[in-house]
Amino acid sequence: MRYITYLVIGTFFGIIMFKSEAASWFRIYEMFQFGSFHMYGIIGSALVLGVIGIQVIKRKNIKPLDGSEMSLQPKNKSVARYLIGGIIFGLGWALAGVCPGPIYVLIGAGFPSILIVLIGALFGTFLYGMIKDRLPH
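Description of the overall build of the chain
Looking only at helices and strands, the chain features six helices and zero strands. Starting at the N terminus, the α and β elements of the chain follow one another as α-α-α-α-α-α. Taken along its principal axes, the extent of the C-alpha atoms in the chain is 40 × 40 × 30 Å. The burial tally for the chain puts 15% of its 137 residues in the buried class. The contacts of the chain with a sequence gap of at least 6 include a subset with a gap of at least 24, amounting to 37%. When the accessible surface of the chain is totalled, it reaches about 10700 Å², and 73% of it is carbon and sulfur.

Structure follows, in structure tokens:
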């Protein structure tokens, strides 16, 4: 039952991403060219909703779907790791024209060329897993 809930939420999220054009290569390109507020508005509203959601979870002591205790740990305040990781993520996003979430949305929408991007993302994740012990954390 839990997996069906996740599938329904993920499907709903994918539909919203596709209909809002957040998965559109043109909108992503337009964002990196500073041509429109569209994507910044989506990202900004997601940030605001995320902050509000986390505060509600903390103050109301909301539990996950499986009933276990929620553990929200503070992040390490290292600037270098977020700067370097953000640059790598941003360059990959700009080169591929898609960030990890919309990869599945675009495949589901019938864009088979995105399978190449998915393979690259999976390879990058595998490569990170191989070298993560040698990276500054």
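Digging into the nonpolar core
Formed by 14 residues in total, the largest nonpolar core has its most connected members in Met 39, Trp 93, Ile 103 and Leu 106. Only helix 2 (25-32), helix 5 (100-108) and helix 6 (114-131) provide two or more residues apiece to this core. No other element matches helix 5, which puts three residues into this core. Those residues within four positions of Ile 103 in sequence are excluded, and the remaining contacts are Val 98, Ile 114, Val 117, Leu 118 and Ala 121.

So, unusual backbone geometry
For Glu 21, which is not glycine, the phi torsion reads 65 degrees and is therefore positive. Inspection of the secondary structure puts Glu 21 in the loop between helix 1 (2-19) and helix 2. A relative accessible area of 36% places Glu 21 in the partly exposed class. Backbone geometry at Phe 34 places phi at a positive 55 degrees, although glycine is not the residue there. Assessed through its relative accessible area of 68%, Phe 34 is described here as exposed.

Description of helix 3 (residues 38-60)
Between its terminal C-alpha atoms helix 3 stretches 33 Å, which fits the 33 Å expected from 23 residues at 1.5 Å a residue. One or two steps after helix 3, the chain reaches Asn 61, where phi turns positive at roughly 55 degrees.

Description of helix 5
Here helix 5 has its buried residues at Pro 102, Ile 103, Val 105 and Leu 106. On the buried face of helix 5, the contacting elements are helix 1 and helix 6. A positive backbone phi angle near 100 degrees is found at Gly 110, which sits one or two residues after helix 5.

Details of the packing of aromatic side chains
By the definition in use, this model includes one aromatic pair. Seen in terms of ring centroids, Phe 34 and Tyr 40 are 6.2 Å apart; in terms of plane orientation they differ by 5 degrees. Their pairing is stacked. The ring centre of Tyr 82 lies 5.1 Å from the NZ or CZ of Arg 81, which sits over that ring.

A short note on the pattern of salt bridges
Summed over all chains, the structure comprises three salt bridges. One salt bridge in this structure joins Arg 27 and Glu 30, with 2.9 Å as the shortest N-O distance. Here Glu 30 and Arg 27 lie together in helix 2, a separation of three residues that amounts to about one turn. Summarising the burial analysis for this pair, Arg 27 and Glu 30 share the class buried. One salt bridge in this structure joins Lys 63 and Glu 69, with 2.9 Å as the shortest N-O distance. Residue classification places Lys 63 among the partly exposed positions, given a relative accessible area of 39%. Accessibility expressed as a relative area gives 52% for Glu 69, which makes it exposed. Several salt bridges converge on common partners, so that one network encompasses Glu 21, Arg 27 and Glu 30.

The rules behind these values
Residues numbered from 1 in each chain as written. Predicted model: local features only at pLDDT ≥ 70, side-chain atom pairs only at ≥ 80, totals over all residues. Heavy atoms only, no water. Helix = DSSP H or I, 4+ residues; strand = E, 2+ residues; numbered from the N terminus. Buried < 20%, exposed > 50% of the residue type's maximum accessible area, 1.4 Å probe, protein only. Contact = heavy atoms within 4.5 Å. Areas by Shrake-Rupley, 256 points an atom, 1.4 Å probe, with all protein chains shown as cover. Core = buried A, V, L, I, M, F, W, Y, C linked by side-chain atoms within 4.5 Å. Expected span 1.5 Å × (residues − 1). Phe/Tyr/Trp six-rings, centres within 6.5 Å; stacked < 30°, edge-to-face > 60°. Lys NZ or Arg CZ within 6 Å of the ring centre and 35° of its normal. Salt bridge = Lys/Arg side-chain N within 4 Å of Asp/Glu carboxyl O.

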